[in-house]
Amino acid sequence: MADSPQRIDRPLSPHLQIYRPLFTMMMSIVHRITGVGLYFGTAILVWWLLATATSPSAFETFSAVAGSPLGMLVLFGFTWALLHHAFGGVRHFIWDFIHGFGAKERELLAKASLAGSVACTVILWIIGLALKG
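Conventions and cut-offs
- Residues numbered from 1 in each chain as written.
- Predicted model: local features only at pLDDT ≥ 70, side-chain atom pairs only at ≥ 80, totals over all residues.
- Heavy atoms only, no water.
- Phe/Tyr/Trp six-rings, centres within 6.5 Å; stacked < 30°, edge-to-face > 60°.
- Helix = DSSP H or I, 4+ residues; strand = E, 2+ residues; numbered from the N terminus.
- Buried < 20%, exposed > 50% of the residue type's maximum accessible area, 1.4 Å probe, protein only.
- Axes fitted to C-alpha atoms, helices over the stretch in contact; angles between N-to-C directions.
- Parallel < 35°, antiparallel > 145°, perpendicular 65-115°, else oblique.
- Left-handed = near helix turned anticlockwise from the far one by under 90°.
- Contact = heavy atoms within 4.5 Å.
- Nonpolar A, V, L, I, M, F, W, Y, C, P; charged D, E, K, R; others polar.
- Patch = residues over 30% accessible without salt bridge, like charges linked within 9 Å, V, L, I, M, F, W, Y side chains within 5 Å.
- Areas by Shrake-Rupley, 256 points an atom, 1.4 Å probe, with all protein chains shown as cover.
- Salt bridge = Lys/Arg side-chain N within 4 Å of Asp/Glu carboxyl O.
- pLDDT = per-residue confidence, 0-100.

Let's talk about the packing of aromatic side chains
Each aromatic ring pair is summarised here by two numbers: the centre-to-centre distance and the angle between the ring planes.
Thought 1: For the coordinates displayed, the defined rule picks out five aromatic pairs.
Thought 2: Judged by centre distance (4.9 Å) and plane angle (90°), the ring pair of W47 and F62 falls under edge-to-face. With W47 in helix α1 (residues 23-54) and F62 in helix α2 (residues 56-67), the pair connects residues that are 15 residues apart, well separated along the chain.
Thought 3: A residue is classified by how much of its surface remains accessible, and W47, at 37% relative accessible area, is partly exposed.
Thought 4: For F62, a relative accessible area of 8% translates into the label buried.
Thought 5: Aromatic pair F76 and W125: ring centres 5.5 Å apart, planes at 65°, arrangement edge-to-face. With F76 in helix α3 (residues 69-96) and W125 in helix α4 (residues 103-132), this pair connects stretches of sequence that are 49 residues apart.
Thought 6: A relative accessible area of 16% means that W125 is categorised as buried.

Following this line, the structure appears as C-alpha cells:
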C-alpha cells in the first residue's frame, strides 16, 4: 500500500459549469423537452377524439375549452412542439446518413430546424384561423 500512487482529484462530471452552452446543445435540450410535451399533449388529442365520438355536448365542452385564450395558447404551443420535434427528427435523420457533422453544418441545421418550426407553426395557424373565420 505504501507504493500506491496518490489519488488525483478530478471533477466527477463536466456539466454546465464547465461547458459554455452552445446553440446546438440548447436545441438538443429543447428537442427532448418537446418530446415530453408531446407525450402530455397527446392527452389533448385523446380528449378531442373522445369528445367527438361521445356526444355533441362533450364536443361543445372541448370546443369551449380549446377555443378559450388559454386553450388556444396551449394548442399553439402543442403545434410548435410537434413541428419542432419533427424538424429535429429530420436533423437527426440527416446525421444518420453521416452528413452535417461539421461545426458550420451542425449550427445551420439547428438554426434551420428552429426557424422552420416557428415559420410552419405560424403559417399553419394563419391558415387555420382564416379557414375558421
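Observations concerning the packing of α1 against α4
Axis angle and axis distance: for two packed helices, these are the angle between their axes and the distance between the axes, and together they describe the pair.
Thought 1: As a packed pair, α1 and α4 sit with axes 9 Å apart at the nearest point and diverge in direction by 45°. As far as their axial angle goes, α4 and α1 are oblique. Note that α1 runs across α4; the crossing there is left-handed. For the pair α1 and α4, contact is made by F23, T24 and M27 and by R106, E107, A110, K111, S113 and L114, respectively.
Thought 2: Residue composition of the contact of α1 with α4, by class: four nonpolar, two polar and three charged.

Things to note about the environment of D96
Thought 1: Note on placement: D96 falls in helix α3.
Thought 2: On the accessibility criterion, D96 (60% relative accessible area) is exposed.

Focus on a nonpolar patch on the surface
Thought 1: Together, L45, W48, L49 and F59 line one region of the surface with nonpolar side chains, adding up to about 360 Å² of accessible area.
Thought 2: The leading source of residues in the nonpolar patch is α1, at three residues.
Thought 3: In this fold, F59 is placed in helix α2.
Thought 4: Residue F59 is classed as partly exposed on the basis of its relative accessible area of 34%.

What to know about the confidence of the model for the chain
Thought 1: Residue-level pLDDT values for the chain average 91, and 90% of them are 70 or greater.
Thought 2: Averaged pLDDT values for the elements of the chain fall to 94 in α1 and rise to 97 in α2.

With respect to unusual backbone geometry
Thought 1: Even without glycine at this site, I98 takes up a positive phi of about 55°.
Thought 2: Topologically, I98 is positioned in the loop between α3 and α4.
Thought 3: By relative accessible area, I98 is classed as exposed at 68%.

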